[in-house]
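Spelled out, the chains give:
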Amino acid sequence: MADPKKQAGPSEADVNGPQPGMQALTRGLQVLDFIADADRPVRFTTLLDGTGYPKGTLHRILQTLVDERYLQINPHDQTYKLGSRPFQLAHRVWDQFDLRGAAEPELARLVGLSDEAVRLGILDGDKVLYIDQRDPQRQVRIGNGVGSRSAIHATALGKAMAAHLSASERRAMISEGRLVAFTDNTIVSNGDLDQQLNIIKARGYAISVSEQHEDVSAVAAPILDHRAHPIGAIGIIGPSYRLSSERLHALGREVIEAARRIAGNVGELSMSISVQPKPLGLARNDIECVIPGEDFLGEGPFWSVKNQQLIWVDILAPSIVSGDPASGERTMRPMPELVGVAIPKTSGGFICATETGIKTLSTSGQLATLCEPEADIAGNRFNDGKCDAKGRLWVGSLAINTQPGRGNLWRIEADGAAQLMLDGMSVSNGMGWSPDTSTFYFTDSGKRVIWSFDFDLASGAISGQRLFHEFTEGEGLPDGLCVDSDGYLWVAMWDGWAIRRFAPDGTLDKVIDVPVPRPTSCCFGGEDLSTLFVTTARIRLSAQQLAEAPLSGCVLAVQTDATGQEDHLFAG
């Protein structure tokens, strides 16, 4: 935002400054910008320091904006945030939005990038209507589809938009009896389609492989308005022999970026597609890829001392994965829905935090519901979790579209009793305990913070919430973490190319650069618990970024001089 202390813009006197008589309006708009850019409600003193306006002037501006409903004030803590009026104006902007005009440069950019056809579509009843298309200069290319309609459930553009509809809108548009099988790959079960749409919503883009037509594949992303409602979709389409599954996923980031540019970056801004530049000097001889793979979103590593194996999940595959660092072999167990963490149980099998609830997975592969703490919260899913020394599961949740303030933290007992411990989180993530169990750590990635709490092991109560560490934008986002036997925290930095180690007082102890931009979590393992295993992700990385970081999606191992704590089983 421009410095409010400086006057900008031409005037009749041809000097820098606001238009004659417009100083008050300019200052009011700058105050609105300041509050809109803040990630939390703003106090008067913060506005006073940030704008540099005289106290009396700022009071008058704020009162006027409150009176006109551009701002609202919280009487309890005297903080300001946007009022209802900007949202009313936003509705009018979107009512007049020229989708084709806004999309034109992105259609051309994606054609040049992919050398494939690019389509723009909207929902038209229970069909996708293609309203624009750009074609590459190829001898073999897709026919022009402008004006044609396709089935929502069998096309990448249709599924990208349907993923962002409400449950009732989905049911009204896509019912079981109307799901036609065009090929053997077409999904015709409403339940299976609904689960796939939720996966699409989580990763931000949809793919289709020979679903509407044999040997035709596509990748698409939704164009969202200010309410995160789909107003269209943009996608790349071409022959399957040119658009392999790997290439489709690599192009996923590109269509997300195109959709955001078209919408003016109004959609789901918390879904990260930006990556910090690759640091110099990443070559280290103490880091290696021990379990090769291509995880979309590897998370929740757990070291099994009994089996000397690593267990983790690929949230977006979705699957539970186990691997042997000695041989590099991995085994994947597909899951029917998004899975945030899987932890072995004392009685055998796993406790799993899935999209819809907390499930048990038996040794024979039977999935059963233990509890559904958020059955009444539509659009949420469970994410990272760990068990405390009593075997209780602590698990966080977040909105599938990462909408801020929707996440919670739950404590799950062995019998399935669920207790809400925290609410109002943005992206509930990594957690851990000090060696003496007196301190509990919990990450809110969306707010770039790690909190610490006093912890009572006997009762499972937490209290005394305080800031452990707050991260800057250039560091990346704090993701999963673990605590070593000396009480130091090891934190994976999403989009930060690093693992950061913090002392118990919250000060940074060291930074370990890793050869991937998106390390997701870490845990100690190996015979003496001195090896730090790091899960990674390749989701929403472009082909160029994957070429720079080919180990994205693998499990890395870092040899350390620290010793970890043994991971706890679930008591059930």
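See the structure above.
K.L.:
Before we go on, may I ask you to explain the sheet that holds strand β1 (residues 42-43) in this structure?
P.N.:
Note on sheets: strands pair through backbone hydrogen bonds, and any given pair is parallel or antiparallel. The strand order across the open sheet built from 3 strands is β1-β3-β2, with neighbouring strands paired in antiparallel fashion. If you trace the sheet from one side to the other, it starts and ends with β1 and β2 (71-74), each paired once. Two elements, β2 and strand β3 (residues 79-82), share 4 bridges in a ladder whose sense is antiparallel. Directly across from L71, in β3, lies its bridge partner L82. Sheet strands in contact with helix α1 (residues 23-37) are β1, β2 and β3, and its direction is about 95° off that of β3.

K.L.:
Mind showing me how you'd approach the pairing of strand β15 (residues 339-344) here?
P.N.:
Where a strand is regular, its side chains alternate between the two sheet faces. The buried fraction of β15 amounts to 6 of the 6 residues, a majority that puts the element mostly inside the structure. Summarising the sheet, β15 and strand β16 (residues 350-354) pair through 5 bridges and their orientation is antiparallel. Opposite I343, over in β16, you have I351 as the bridge partner. Hairpin remark: β15 followed by β16, antiparallel, with 5 residues in the connecting loop; positive phi at G348, about 105°.

K.L.:
Sorry, what's going on with the environment of I315 here?
P.N.:
Considering the arrangement of structural elements, one finds I315 in the loop between β12 (309-314) and β13 (319-323). Residues I315 and L420 lie 105 residues apart in sequence; the distance between their C-alpha atoms is 23 Å.

K.L.:
What is the right way to look at the state of the cysteines in this model?
P.N.:
Among covalent bonds in proteins, the disulfide is the one between the sulfur atoms of two cysteines. With the rule as written, the count across this model stands at 0 disulfides. With no disulfide partner, C371 has as its closest neighbouring cysteine sulfur the one in C352, 12 Å distant. C522 forms no disulfide, and the closest cysteine sulfur to it belongs to C482, at a distance of 3.8 Å. For C522, a relative accessible area of 1% corresponds to the buried category.

K.L.:
Whenever I open this one, the sheet that holds strand β5 (residues 127-134) confuses me. Can you help?
P.N.:
Pairing is antiparallel across the open sheet formed by 6 strands, whose spatial order is β6-β5-β4-β9-β8-β7. Only two strands of the sheet have a single partner each, and these edge strands are β6 (149-151) and β7 (206-209). Between one strand and the next, the sheet's axes are offset by a mean angle of 30°, whatever the strand orientation. Judged from the 4 bridges that link them, β7 and strand β8 (residues 216-224) form a sheet pairing that is antiparallel. Bridging from a neighbouring strand, V209 pairs with S217 of β8. Strands β4 (117-124), β5, β8 and β9 (230-239) of the sheet are contacted by helix α5 (residues 99-114), whose axis makes an angle of about 145° with β4. Contacting β7, β8 and β9, helix α9 (residues 245-263) runs over the sheet at an angle of about 30° to β8.

K.L.:
So what exactly am I meant to see when it comes to the side chain of H153 here?
P.N.:
Along the chain, H153 turns up in the loop between β6 and α6 (156-162). Within the structure, H153 has its side chain in polar contact with the backbone oxygen of V180 (distance 2.9 Å).

K.L.:
Can you help me understand the packing of aromatic side chains in this one?
P.N.:
We describe a pair of aromatic rings using the distance from one ring centre to the other and the angle between the two ring planes. Scanning the entire structure with this criterion turns up 13 aromatic pairs. Pairing F468 with F502 gives two aromatic rings, centres 6.3 Å apart and planes at 75°, and the pair type is edge-to-face. One end of the pair, F468, is in strand β26 (residues 461-470); the other, F502, is in strand β29 (residues 498-502), with 34 residues separating them in the sequence. The two residues F468 and F502 agree in class, both being buried. Among the aromatic residues, those joined into a cluster by ring pairs are W394, W433, F440, F442, F453 and F455. Here the guanidinium or amino end of R27 rests over the ring plane of Y53, the centre of that ring lying 5.0 Å away. For R119, the ring lying beneath its charged end belongs to Y130, and the centroid distance is 4.7 Å.

Here is what the cut-offs are and how they apply
Residues numbered from 1 in each chain as written. Predicted model: local features only at pLDDT ≥ 70, side-chain atom pairs only at ≥ 80, totals over all residues. Heavy atoms only, no water. Pairing = 2+ DSSP bridges. Helix = DSSP H or I, 4+ residues; strand = E, 2+ residues; numbered from the N terminus. Contact = heavy atoms within 4.5 Å. Axes fitted to C-alpha atoms, helices over the stretch in contact; angles between N-to-C directions. Buried < 20%, exposed > 50% of the residue type's maximum accessible area, 1.4 Å probe, protein only. Disulfide = S-S within 2.5 Å. Polar contact = N/O pair within 3.5 Å; in protein donor to acceptor, adjacent residues only side chain to side chain. Phe/Tyr/Trp six-rings, centres within 6.5 Å; stacked < 30°, edge-to-face > 60°. Lys NZ or Arg CZ within 6 Å of the ring centre and 35° of its normal.

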